[in-house]
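As a plain string of letters, each chain reads:
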Amino acid sequence: MVLSAVKAVVFDLDGTLVDSALDFASMCDDIGWPRGSALLEQLALVEDAAEHQRITQIICHHEMQGAKYASWMPGARECLQRLNELKMPLAILTRNMRSATQLTIERLKIPVQRVITREDCAAKPDPEGLLLLANELKLPVQNMLYVGDYIYDLQAASNAGMPSCLYLNEYNTHFSAHASWTFHHFDELTAALML
């Protein structure tokens, strides 16, 4: 894929720009759900108000803990700094809640112009957040790139008609076929966007 047509880049947060060490298996254990459950989708099906509140509090606790300990992925800070120097619009679209996202951004001083969380739009893989950003930037989706580490990221981009980029790790290589482009280190993404 030629990345020279990219005029704006949108990033996922956890597992992409930062390592927040979120343990989704532990989160499921604390809730009492099978490991691997799609948390937000399962939560939406909980009708009992007290149970909904209990589960929400567990998820929020884990997300805030992750935000407190989040650290940059190798090369991610330098990539964003370089793209900012090129005046390329940068945004974050995450399934995380706003307060945890803001804490991570403030702690690590992540230099993006726009942040969209699950309180702002339908959660990925719904394309609403990406389409919202394209509309705000007045850019065709084909000239934007969504960078993430999970299948929901790639599906959201596909559903929006936007190219996607998979940040590879030891657990996600089987998603590669769904991505427009893949990379192992942010230096590769930086170099590709410089062309």
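Preceding this paragraph is the structure being described.
Residues numbered from 1 in each chain as written. Predicted model: local features only at pLDDT ≥ 70, side-chain atom pairs only at ≥ 80, totals over all residues. Heavy atoms only, no water.

Colleague: Can you tell me about the side chain of Asn 172, naming the residues and giving the values?
Modeller: With respect to the helices, strands and loops of the structure, Asn 172 is situated in the loop between strand E7 (164-167) and strand E8 (181-183). There is a polar contact of 2.9 Å between the side chain of Asn 172 and the backbone oxygen of Asp 149. With residues near it in sequence (within four places) discarded, Asn 172 still touches Asp 149, Leu 166 and Tyr 167. (Helix = DSSP H or I, 4+ residues; strand = E, 2+ residues; numbered from the N terminus. Polar contact = N/O pair within 3.5 Å; in protein donor to acceptor, adjacent residues only side chain to side chain. Contact = heavy atoms within 4.5 Å.)

Colleague: Quick rundown of the sheet that holds strand E6 (residues 144-148)? Include the residues and the values.
Modeller: Taken together, the six strands give an open sheet; going across it, the order is E5-E4-E1-E6-E7-E8, and neighbouring strands pair in parallel fashion. Single-partner strands in this sheet number two, and they are strand E5 (114-116) and E8. For this sheet, the mean inter-axis angle between neighbouring strands, taken without regard to orientation, is 20°. Of the pairings in the sheet, the one linking strand E1 (residues 8-11) to strand E4 (residues 90-93) comprises three bridges and is parallel in character. Bridging across to E4, Val 10 finds its partner in Ala 91. The strands that helix H8 (residues 186-194) touches are E1, E6, E7 and E8; relative to E8, the one it contacts most, it runs at about 135°. (Pairing = 2+ DSSP bridges. Axes fitted to C-alpha atoms, helices over the stretch in contact; angles between N-to-C directions.)

Colleague: Can you break down helix H1 (residues 24-31) residue by residue, with the values?
Modeller: When H1 is considered as a whole, its buried residues turn out to be Met 27, Cys 28 and Ile 31. Burial along H1 is one-sided: seen end-on, the buried residues are contained in an arc of 95°. Buried residues in H1 make contact with helix H2 (39-44) and helix H3 (49-69). With a side-chain oxygen positioned 3.2 Å from the backbone nitrogen of Ala 25, the residue opening H1 is Asp 23. Phi for Gly 32, located one or two positions after H1, is positive at around 100°. (Buried < 20%, exposed > 50% of the residue type's maximum accessible area, 1.4 Å probe, protein only. Arc of directions from axis to C-beta.)

Colleague: Can you lay out the pattern of salt bridges for me, pointing to particular residues and giving the numbers?
Modeller: A complete count under the given rule lists nine salt bridges for this structure. Taking the shortest distance from any N to any O, the salt bridge between Asp 12 and Lys 124 comes out at 2.9 Å. In this pair, Asp 12 is assigned in the loop between E1 and strand E2 (18-19) and Lys 124 in the loop between E5 and helix H6 (128-137), connecting sequence segments 112 residues apart. Among the residues examined, Asp 12 registers a relative accessible area of 6% and is labelled buried. Judged by its relative accessible area of 3%, Lys 124 is buried. Between Asp 153 and Lys 124 there is a salt bridge, with its nearest N and O atoms 2.6 Å apart. (Salt bridge = Lys/Arg side-chain N within 4 Å of Asp/Glu carboxyl O.)

Colleague: Can you lay out the nonpolar core for me, pointing to particular residues and giving the numbers?
Modeller: Counting residues in each nonpolar core, the largest one holds 32 residues, and the members touching the most others are Val 9, Phe 11, Leu 17, Ile 110, Phe 186 and Leu 189. Once residues lying within four places of it in the same chain are set aside, the contact partners of Phe 186 are Phe 11, Thr 16, Leu 17, Met 73, Pro 74, Gly 75, Ala 76, Cys 79 and Tyr 167. (Core = buried A, V, L, I, M, F, W, Y, C linked by side-chain atoms within 4.5 Å.)

Colleague: Please provide a residue-by-residue account of the packing of H3 against helix H5 (residues 98-108), values included.
Modeller: Between H3 and H5, the shortest axis-to-axis distance is 8 Å and the interhelical angle comes to 5°. By the angle between their axes, H3 is roughly parallel relative to H5. Each of Glu 63, Met 64, Ala 67, Lys 68 and Tyr 69 in H3 lies in contact with H5, whose residues at this interface are Ser 99, Ala 100, Leu 103, Thr 104 and Arg 107. For the contact of H3 with H5, the per-class residue count stands at five nonpolar, two polar and three charged. (Parallel < 35°, antiparallel > 145°, perpendicular 65-115°, else oblique. Nonpolar A, V, L, I, M, F, W, Y, C, P; charged D, E, K, R; others polar.)

Colleague: Outline the side chain of Asp 14, listing residues and values.
Modeller: Along the polypeptide, Asp 14 turns up in the loop between E1 and E2. Polar side-chain contacts of Asp 14 include one of 2.7 Å to the side chain of Ser 20. Not counting residues within four places of it along the chain, the set of residues in contact with Asp 14 comprises Ser 20, Leu 22, Asn 96 and Asp 149.

Colleague: So, the packing of aromatic side chains: which residues are in play, and what are the values?
Modeller: Taken as a whole, this structure holds seven aromatic pairs when the rule is applied. Relative to Tyr 152, the ring of Tyr 150 has its centre 5.1 Å away and its plane inclined at 85°; by these criteria the two rings are edge-to-face. Ring centres of Tyr 150 and Phe 175 lie 5.4 Å apart, and the angle between their planes is 85°; this geometry places the pair in the edge-to-face category. One end of the pair, Tyr 150, is in the loop between E6 and helix H7 (151-160); the other, Phe 175, is in the loop between E7 and E8, and 25 residues separate them in sequence. Classification of Tyr 150 as partly exposed rests on a relative accessible area of 39%. Residue classification places Phe 175 among the buried positions, given a relative accessible area of 12%. Site record: aromatic cluster; members linked through ring pairs are Phe 11, Tyr 167, Trp 181, Phe 183 and Phe 186. (Phe/Tyr/Trp six-rings, centres within 6.5 Å; stacked < 30°, edge-to-face > 60°.)

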